[in-house]
Amino acid sequence: MKQMVTNILFATDLSENSGHAMRNAASIAMATGAEIHVLHVNEPLSDDAKITMDMFILNEETRKTAAQRRHEMVRKVLAERQAKFWAQFEGEDAKIRDQVSSIEVTDGHPAEVILRRSVEMGCDLIVLGAHDHGFSHTFLGTVAKRVLRRSKIPTLIVPNPDEV
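Keep in mind it's a predicted model, so treat the numbers as computed, not measured. (Residues numbered from 1 in each chain as written. Predicted model: local features only at pLDDT ≥ 70, side-chain atom pairs only at ≥ 80, totals over all residues. Heavy atoms only, no water.)

## Overview of the overall build of the protein
Defined as follows: In DSSP terms, a helix is any run of H or I states spanning at least four residues, a strand is any run of E spanning at least two, and both are numbered starting from the N terminus. For every residue, the accessible area (1.4 Å probe, protein chains only) is compared with the maximum for its type, and the residue is labelled buried under 20%, exposed over 50%, or partly exposed between those bounds. Should any heavy atoms of two residues lie within 4.5 Å, those residues are considered in contact.
Assigned secondary structure in the protein consists of six helices and five strands. For the protein, the N- to C-terminal ordering of α and β elements is β-α-β-α-α-β-α-β-α-α-β. On the principal axes, the C-alpha backbone points of the protein span a range of 60 × 35 × 35 Å. Burial status across the protein gives 39% buried among its 164 residues. Here the analysis covers contacts within the protein between residues at least 6 apart in sequence; of these, 80% occur between residues at least 24 apart.

This is the structure:
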């Protein structure tokens, strides 16, 4: 029988629940030998945020720099969260980190980017955490709903353990 899970796309929103979802992705990767691709998608700035930037940051170059710094800050937060996550593992379990083959931060509408990148990377499983309100409040976050509805591959939505 052909191995069914070889590439896992773990999409993170950098929330507290994302660590729990990452643990599930790592567990599946450990059991199957799959590679893990970590993805965070920065949502586009709202029109209000753009207008505010235009009002208070008059210099076009400074606005571009601010947008770049936003991207860099997200990369920094993702790197910190990943380091904290992987520090929990010892011995043989620590080797699962070697199965992380890519970490990407990009801009766009999260659901669309997650679905597109899963196809481009040849993933056969998407793992993401439920919105912080989880199943008890809104069932799923908007991004999770959109991914689940349109995904052509298995998708694991990991509920927040504190709300189950």
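## Notes on the sheet that holds strand β3 (residues 100-107)
We apply this condition: Whether two strands pair depends on DSSP finding at least two bridges between them. Think of each axis as a best-fit line through the C-alpha atoms, taken over the contacting stretch in the case of a helix, with angles from 0 to 180 degrees between the N-to-C directions.
With respect to topology, five strands assemble into an open sheet ordered β3-β2-β1-β4-β5, the strand pairing being parallel. Unpaired on one side and paired on the other, β3 and β5 (155-158) mark the two borders of the sheet. The mean inter-strand angle of the sheet, taken between neighbouring strand axes irrespective of direction, is 20°. Alignment of strand β2 (residues 35-42) against β3, held across seven bridges, turns out to be parallel. Bridge pairing in β3 places His40 opposite Val105.

## Details of the packing of helix α4 (residues 110-120) against helix α6 (residues 142-150)
Note the cut-off: Oblique is the label for every angle not falling under 35 degrees (roughly parallel), over 145 degrees (roughly antiparallel), or within 65 to 115 degrees (roughly perpendicular). Here a crossing is taken to be left-handed if its near helix is turned anticlockwise relative to the far helix by less than a right angle, and right-handed if that turn runs clockwise. Side-chain classes are defined by residue name, with Ala, Val, Leu, Ile, Met, Phe, Trp, Tyr, Cys and Pro counting as nonpolar, Asp, Glu, Lys and Arg as charged, and the others, Gly among them, as polar.
The interhelical angle for the contact between α4 and α6, taken along N-to-C directions, is 40°, at an axis separation of 8 Å. When the interaxial angle is binned, α4 and α6 end up oblique. Like other packed secondary-structure pairs, α4 and α6 cross with a definite hand, here right-handed. On the side of α4, the interface is formed by Pro110, Ala111, Glu112, Ile114 and Leu115, while α6 contributes Val143, Arg146, Val147 and Arg150. Residues of the contact of α4 with α6, tallied by class, amount to six nonpolar, no polar and three charged.

## Details of the confidence of the model for the protein
For the record, the criterion: The pLDDT value expresses, per residue, how confident the predictor is, ranging between 0 and 100.
Scored by pLDDT, the protein comes out at a mean of 87, with 91% of its residues at no less than 70. The least confident element of the protein, judged by mean pLDDT, is helix α5 (residues 134-137) at 40; the most confident is strand β1 (residues 7-11) at 97.

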